[in-house]
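Observations on the three-dimensional arrangement
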Amino acid sequence: MTATPTRTARAPKLNPLGLEKTAYKGADSTLCNGCGHDSISARIINAAWEMGLKQQDVVKFSGIGCSSKTPAYFLGMSHGFNSLHGRMPSVSTGALVANRTLIGIGVSGDGDTASIGIGQFKHLVRRNVPMVYVVENNGVYGLTKGQFSATADLNQTLKYAGTNPYMPLDICLEALAANATFVARSFAGDAKQLDALLKAAIAHNGLAVLDVISPCVTFNNHESSTKSYAFGKEFEIPLHELSFVPSYDPIEITEEADETEVKLHDGSSLVLKRLGNDYDPTDKYLAYRTLEEARQQQKLLTGIFYIEPQTPSFVDTLQITDTPLAQLSQAQTRPSREALAQLMAKL
Amino acid sequence: MSVTVQEAPAKQVSQWVYNDFNLNVATANGSGSQTSNNLLIRSLYKMGIPVTGKNLFPSNIQGLPTWYNIRLSKDGFLARRERVEIMICMNGATVAEDMESVVPGGIILYDDSLPVANHRKDVQYYPMPVKALVKAADVTYTLQRYVANMVYVGVAAFLLDIEMAEIKNALDWNFDGKPKPIQLNWSMVTAAYEWAQQTLVNDQPYRVRRMSGFNEGTVLIDGNSAGALGSVFAGFTFAAWYPITPSSSLAESMISYAAQTRREPETQKATYAIVQAEDELAAIGMVIGAGWAGARALTATSGPGISLMAEFIGFGYFTEIPAVIWDIQRMGPSTGLPTRTSQGDLLAAYFLGHGDGRHPVLLPADPTECFEMASTAFDLAERLQTPVFVLSDLDIGMNLWISKEFSYPETPLDRGKVLTAQQLDAFKEEHNGQRWGRYLDVDGDGIPYRTVPGTDHPAAAYFTRGTGHTPYATYSERASDWENNLQRLARKFETARSLVPAPILQEVDGARIAILSMGSNHPAVVEARSRLLDQGIPTSYLRLRALPINSEVRAFVERYERVYVVENNRDGQLYEILLTELPGLSTRLVSAAKCDGLPLSARWITEQITQ
Ligand SMILES: Cc1ncc(C[n+]2csc(CCOP(=O)(O)OP(=O)(O)O)c2C)c(N)n1
Ligand code: SF4
Ligand SMILES: [Mg+2]
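Predicted model only: the values in this text are computed from it and were never measured. (Residues numbered from 1 in each chain as written. Chains lettered and ligands numbered in written order. Predicted model: local features only at pLDDT ≥ 70, side-chain atom pairs only at ≥ 80, totals over all residues. Heavy atoms only, no water.)

Concerning the overall build of chain A
Spelled out, the test is: Only runs of H or I of at least four residues qualify as helices and only runs of E of at least two qualify as strands under DSSP, and these elements are numbered from the N terminus. Atoms counted for the radius of gyration: C-alpha only. Globule rule: 2.2 Å times residue count to the power 0.38. Relative accessibility decides the category of a residue: with a 1.4 Å probe and only protein chains considered, values under 20% of the type maximum give buried, values over 50% give exposed, and everything between is partly exposed. The contact criterion used is simple: two residues touch if any of their non-hydrogen atoms lie within 4.5 Å. Every accessible area reported is derived by Shrake-Rupley at a probe size of 1.4 Å, with residue values counting cover from the shown protein chains alone. Charged residues are defined narrowly, with Lys and Arg counted positive, Asp and Glu counted negative, and His plus the chain ends left uncounted. Charged groups are reduced to one reference atom each: NZ for lysine, CZ for arginine, CG for aspartic acid, CD for glutamic acid.
The helix and strand tally for chain A stands at 12 helices and 15 strands. Expected size for 347 residues packed as a compact globule is a radius of gyration near 20 Å; at 22 Å, chain A falls within 12% of this value. For the C-alpha atoms alone, the extent of chain A along its principal axes is close to 75 × 70 × 45 Å. Residues counted as buried form 57% of the 347 residues belonging to chain A. Long-range pairs, those at least 24 residues apart, make up 71% of the contacts in chain A between residues at least 6 apart in sequence. With the model as given, the accessible surface of chain A reaches about 14,600 Å², and the carbon-plus-sulfur share is 52%. In chain A, 31 positive and 35 negative side-chain charges are present, and the distance between their average locations comes to 8 Å.

Right, here's the structure in full:
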């Protein structure tokens, strides 16, 4: 032990579990340099680390696409499931019902969710399966090299795919129409907002849809695209300034005049600081109108559009045991000899 | 319109036919005849008579013709039989052909308001005043159509000597003791019985009488209820399904049985979840997700659903996730003949998915095996970490069978090679210093160890992917990694051969030919063998109970000059699988395949061998 160190190495920052942020990394990314998806992975790492999530309690899900590869690149100590194109919803539904204690984080793409997977997506929303559902929305199929997805802008031109003659689907509006309980939009370049939204989404007891504009630098990053960095940086309009206050945080929240607090299921809260408007994220009609106006005016409006923290989640609705179904013993799952005898007698 | 019947000649019945005839009831779909038919079959069963009921119903909710075929066989032959001795005609749309279908010497009971054109001289007719009896019974208009079917129950009971007490018991059972419907139907049955007693000269030869020796230790049940009950007692914890005939009743029975038996005592919460998915693709996705997370998960469907599941089943094979898929087979692609039976999904199930892959397929032959194989399927799926099919069909699934009483499953659930946190710690020591790898074969049987999410150990996690992977579940596009993994999966499939249910052999001294068959064909094969023996042709029999085949099958085929592969499909799908799996024995195998939507008959099987 040295009595007077000449220079103290700065102690690494530790989270509530005493872990460094690097402990939440995954394998090295193989995506293109500058891909928006990597920024989102970094935000997920950060949010999980700051919240002090235990990685063994987390399960990662994805479909197929560049975006869907990313669960390999964060939370290396969590089980991950890279499923089929557009079919993450069904897989995560099964897994999260099988083990209700798991925290589900799903990553999908706009093709994965809004094209091939729109059906499963809407049913997942409708069931309110408790998980985070991030759509890394770049308006294009990255992995199959630049075809239009169902969120591509009308009349947009791509190098190989030509001009898109179809109206885009708006993932937030689709979610809202399917009775989502948490609908938000963000931008891969807005680290602070994304951090707060991801944490709130993790704390939400239900399905949290995060439509995150995530530029594909290789196939859809030209300035005319509403999914480009340039567009996002210049035109992102946050509805409010967001901060997440975890349940264990001793700080008393004193609601400022220009702030609204939304209490989440686990006691944590999302604080919305107004930015020159009076947006109330519990007003569904307002959410519809705001989203529709943003869509018509091609505005990149970000923030939380709608939240309803009280609706029971799918797992609540099923009235299953507190012990995860997957962990029930034979004694708990095989009825007795007498039960069979009784049923046989009735035949 | 009603027709007066000629006075039946007052002849003396020279020979009674006891407990050995076929009774066919023709009604219109949705007319509520199911209750009446159940009363008949159940009371006959309770009289100790070997009896089987085959419901031939259309894909329709109301109006199209339906037949319910009840075969009584004192000798215990329970296959579908083509000859009809007794016809009950309640449907004007088919009455002409129904009356034609009766064998000479047979009898015909018919609703006297049906338009009956001409009468055969070689059968006996019994017109029933259905309308008049219903009118006299004074029931509300909406119920008239339903109780009308009770008329033939009462008349048949009189003519055939069915014990009325058993009909009453069956009625109590059917309506679960609810006095109102029981009383309503019972008064109709008795009114018809009394009318028949007062009016009819019963000089026809067909009679039933109580017997013993066959129905003891059995139950009368359909295969879907049995499979559902079996799954409930196999400790299933997750099921997802999408309605499709003829599989829906399996899931629906599970919902009912599980609600009765699968609640946590302290909290009354369910120890299972059953989810009606948005389609079969989602159903199998949920099952794969649940199986991956450690649940005992199953889905039940039929052919069209199997098609939608193809990508996930192949994925489940490759990522090694346990799942149980019940396929209650029906006819044809898309809608096909949705209410008719077939064994046409064998090849599809065995090879489902893209790239190389094969799946264990269980082949229950009756409800008892549906019950038992529900457990076997889960044990295999978890032991082998792979999707396992149970191939039933409409005939087993939706018809009533006399089946051996189910015995309580004595073997503990086999949850397979799942590592706990402690076992992970000890893994290296117990496996010659080898670190655990999700796809690493340390036991030489091709089956690796798995962990489930939530395992509290820093090294428990792995990444499940359809892409190429190493034994340590890391991404790989190396040719050798891919090939080694495929070879290991093939090794695992070899292990499966010795784990799946073995075939059942009945070998006969002096037999030079044999029958190899599966599933619901069993009763027809049994009867055909008896007929063949009567003709001086002894046959041996192998009933296959699962794919992949084991060495016993090869040895069996080697012992016979000719082995008829009997199956209910057009192409001889089992025959084709055997050809590939038994190269060199192809000359001994003869395909006997037929597909017309009906269960195979003993007559047809016999003809395949004698002609
Ligand atoms: C059933 C099926 N069809 C097609 C594909 C090919 N495919 C792979 S990724 C992809 C599109 C992915 O687009 P998106 O979800 O937007 O992800 P991104 O790559 O843009 O992040 C397609 C069509 C597939 N894997 N599976
Ligand atoms: S192709 Fe586009 S989406 Fe895919 S990794 Fe590259 S930049 Fe990202
Ligand atoms: Mg995309």
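Here's the deal with the layout of surface pockets
Empty space among the atoms can be located by rolling a probe the size of a water molecule over them. Residues and elements named next belong to chain B. Using the following cut-off: A cavity here means a set of 1 Å grid points, computed over protein atoms only, where a 1.4 Å probe fits but cannot escape. A pocket is an open set with protein on both sides within 12 Å along at least 5 of 7 lines, and lining residues have an atom within 4 Å of a point. Grid points are joined across faces, edges and corners, and a volume is the space filled by probe spheres set on the points. Polar here means any residue other than Ala, Val, Leu, Ile, Met, Phe, Trp, Tyr, Cys and Pro, which are nonpolar, and Asp, Glu, Lys and Arg, which are charged; Gly is therefore polar. Domain start and stop points were drawn from an automatic or database domain assignment.
There is about 1,500 Å³ of room inside the largest pocket. Taken together, 48 residues make up the lining of the largest pocket; nearest its centre are Q34, N38, D222, S225 and L400. By residue class, the composition of the lining of the largest pocket is 16 nonpolar, 26 polar and 6 charged. Both of domain 1 (4-215) and domain 2 (221-404) provide at least three residues apiece to the lining of the largest pocket. There is about 830 Å³ of room inside the second largest pocket. Around the second largest pocket, the lining comprises 34 residues; the ones closest to its centre are F463, R465, Y472, A473 and T474. Its residues placed into classes, the lining of the second largest pocket shows 15 nonpolar, 11 polar and 8 charged.

A short note on the site of ligand 1
As a reminder, the rule being used: Here a residue is near a molecule or strand as soon as one of its heavy atoms is found within 4 Å of it.
The environment of ligand 1 is made up of 18 residues, and the closest members are C66, S67, G111, D112 and G142 of chain A. One chain alone does not account for the residues near ligand 1; they come from chains A and B. Protein burial of ligand 1: of its 590 Å² of free accessible surface, 77% is covered by the chains. Contributing elements (two or more residues each) for the shell around ligand 1: α2 (66-69), α4 (110-115) and β5 (140-141) of chain A. The dominant element in the shell around ligand 1, judged by the number of residues it contributes, is α4 of chain A, at 3 residues. Broken down by class, the residue content of the shell around ligand 1 amounts to 6 nonpolar, 9 polar and 3 charged.

Observations regarding helix α3 (residues 130-137) of chain B
Three- or four-residue spacings in an α-helix give side chains the same orientation, since the helix completes a turn every 3.6 residues. Residues and elements named next belong to chain B. Heads up, the rule is: Each direction from the helix axis to a C-beta atom contributes to the arc, which is the arc of those directions.
Along α3, the residues classified as buried are V130, L133 and V134. Down the axis of α3, the buried set is contained in an arc of 100°. They therefore lie on one face. In α3, those exposed residues whose orientation departs by more than 90 degrees from the buried face are K131, K135 and A136. Elements in contact with the buried residues of α3: β6 (102-111), β7 (124-128), α4 (141-160) and α6 (179-199). One or two positions beyond α3, positive phi appears at D138, with a value near 60°.

A few points about the sheet that holds strand β24 (residues 589-593) of chain B
By way of backbone hydrogen bonds, the strands of a sheet pair with one another, either parallel or antiparallel. All names here are of chain B. Stated precisely, the cut-off is as follows: In short, DSSP must find at least two bridges between two strands for them to pair. Axis angles are defined between N-to-C directions and span 0 to 180 degrees, where every axis is a line fitted to C-alpha atoms and, for a helix, only to the segment in contact.
Read from one edge of the open sheet, 5 strands run β19-β21-β20-β23-β24, paired in mixed fashion. Two strands in the sheet have a free side with no partner beyond their single neighbour: β19 (504-506) and β24. Shown here is a sheet whose adjacent strand axes are inclined to one another by a mean of 20°, direction ignored. Contacts from helix α17 (residues 522-534) reach β19, β20 (513-518) and β21 (539-544) within the one sheet, and its direction differs from that of β21 by about 175°. Set on the sheet, helix α20 (residues 602-610) makes contact with β20, β23 (562-567) and β24; between it and β23 the angle comes to about 150°.

Considerations on the site of ligand 2
Taken together, L31, C32, C35, H37, C66, N138, C216, V217, T218 and F219 of chain A form the complete shell of residues around ligand 2. Split into classes, the residues belonging to the shell around ligand 2 amount to 7 nonpolar, 3 polar and no charged.

Some points on the domain arrangement of chain B
Residue and element names in this part refer to chain B. Quick note on the threshold: Accessible area that two parts lose when put together, with a 1.4 Å probe and added across both, is what the buried area reports. Salt bridges are identified by distance alone: a Lys or Arg side-chain nitrogen within 4 Å of an Asp or Glu carboxyl oxygen. Distance and chemistry together define a polar contact, namely a pair of N or O atoms within 3.5 Å, with one atom able to donate a hydrogen and the other to accept it when in protein, and with adjacent residues in sequence counting only for side-chain atoms on both sides.
In terms of domain boundaries, chain B breaks down into domain 1 (4-215), domain 2 (221-404), domain 3 (421-496) and domain 4 (504-610). Taken over C-alpha atoms, the centre of domain 1 sits 36 Å from the centre of domain 4. Tallying the contact residues gives 8 residues for domain 1 and 11 residues for domain 4. For the pair domain 1 and domain 4, the two sides together bury roughly 820 Å², of which 59% comes from carbon and sulfur. By the criterion of area lost to domain 4, the three top residues of domain 1 are F77, R80 and E82, representing 62% of everything that side buries. The salt bridge involving R603 is made with E82; its shortest N-O contact spans 2.7 Å. Linking domain 1 with domain 4 are 4 residue pairs in polar contact (both at pLDDT 80 or more), by the criterion used here.

Examining the coordination of the magnesium ion (ligand 3)
All names here are of chain A. Quick reminder of the rule: Note that water is not among the atoms considered, so a metal site may appear incomplete; the donors listed are N, O and S atoms within 2.8 Å of the metal, with 3.2 Å applied to Na, K and Ca.
Protein ligation of the magnesium ion (ligand 3) involves D110 (OD), N138 (OD1) and V140 (O), the donor distances falling in the range 2.1 Å. Along the chain, the residues that donate to the magnesium ion (ligand 3) are spaced as D-x27-N-x1-V. With a gap of 28 residues between them, D110 in helix α4 and N138 in the loop between β4 (131-137) and β5 connect regions that are remote in the sequence. The exposure class assigned to D110 is buried, which follows from its relative accessible area of 1%. Among the residues examined, N138 registers a relative accessible area of 3% and is labelled buried.

A look at the packing of helix α1 (residues 33-46) of chain B against α4 of chain B
All names here are of chain B. Stated formally: What sets the label is the angle itself: under 35 degrees gives roughly parallel, over 145 gives roughly antiparallel, 65 to 115 gives roughly perpendicular, and the rest give oblique. Helix crossings fall into two classes, left-handed where the near helix is turned counterclockwise from the far one by less than a right angle and right-handed where it is turned clockwise.
α4 packs onto α1 with a crossing angle of 20° between their chain directions and a minimal axis gap of 8 Å. By the angle between their axes, α1 is roughly parallel relative to α4. Between α1 and α4 the crossing geometry is right-handed. Counted together, S33, T35, S36, N37, L39 and L40 of α1 and N149, M150, Y152, V153 and A156 of α4 form the full contact between these two elements. When the residues that make up the contact of α1 with α4 are grouped by side-chain class, the tally is 6 nonpolar, 5 polar and no charged.

Some remarks on the sheet that holds β4 of chain A
On the basis of which strands lie adjacent, the open sheet formed by 9 strands has the order β11(A)-β15(A)-β9(A)-β10(A)-β4(A)-β3(A)-β1(A)-β2(A)-β18(B) and mixed pairing. Edge positions in the open sheet fall to β11 (236-238) of chain A together with β18 (463-465) of chain B, since each of these has one partner strand only. With direction set aside, neighbouring strand axes in the sheet form an average angle of 20°. Across 4 bridges, the pairing between strand β9 (residues 182-187) of chain A and strand β15 (residues 300-307) of chain A is antiparallel. What sits directly across from F182 of chain A, in β15 of chain A, is I307 of chain A. Across the face of the sheet, helix α5 (residues 118-127) of chain A comes into contact with β4 and β10 (207-213) of chain A while running at roughly 135° to β10 of chain A. Sheet strands touched by helix α9 (residues 284-296) of chain A: β9 and β15 of chain A. Its angle to β15 of chain A, the strand with the most contacts, is close to 160°.

Some points on the interface of chain B and chain A
Contacts between chain B and chain A engage 68 residues on the former and 53 residues on the latter. Of the roughly 5,000 Å² buried between chain B and chain A on both sides combined, carbon and sulfur atoms contribute 64%. Counting across the interface, chain B meets chain A through 4 salt bridges. In this structure, R127 of chain A engages E278 of chain B in a salt bridge whose closest nitrogen and oxygen atoms are separated by 2.9 Å. Summed over the shared surface of chain B and chain A, the result is 21 residue pairs in polar contact (both at pLDDT 80 or more). Here the side of chain B that touches chain A takes 8 residues from helix α9 (residues 280-292) of chain B, the largest share from any one element. Here the residues of the side of chain B that touches chain A sort into 38 nonpolar, 18 polar and 12 charged. As paired strands, strand β2 (residues 79-82) of chain A and β18 of chain B are joined by 3 bridges and run parallel to one another. By the bridge assignment, F81 of chain A is partnered in β18 of chain B with T464 of chain B.

A short note on the nonpolar core
This is how the line gets drawn: Here, the term nonpolar core denotes a set of buried Ala, Val, Leu, Ile, Met, Phe, Trp, Tyr and Cys residues that are joined through side-chain atoms within 4.5 Å.
In terms of nonpolar packing, the biggest core is built from 111 residues, with F61 of chain A together with F238 of chain B touching the most fellow members. Ignoring any residue separated from it by four or fewer positions in sequence, one finds F238 of chain B in contact with G94 and V97 of chain A together with A273, V275, M286, V287, A290, A295, R296, A297 and L298 of chain B.

A short note on empty space enclosed by the protein
Applying the stated rule across the entire model yields 7 cavities of 30 Å³ or more. The volume enclosed by the largest cavity comes to roughly 70 Å³. Its residues assigned to classes, the lining of the largest cavity shows 4 nonpolar, 5 polar and 4 charged.

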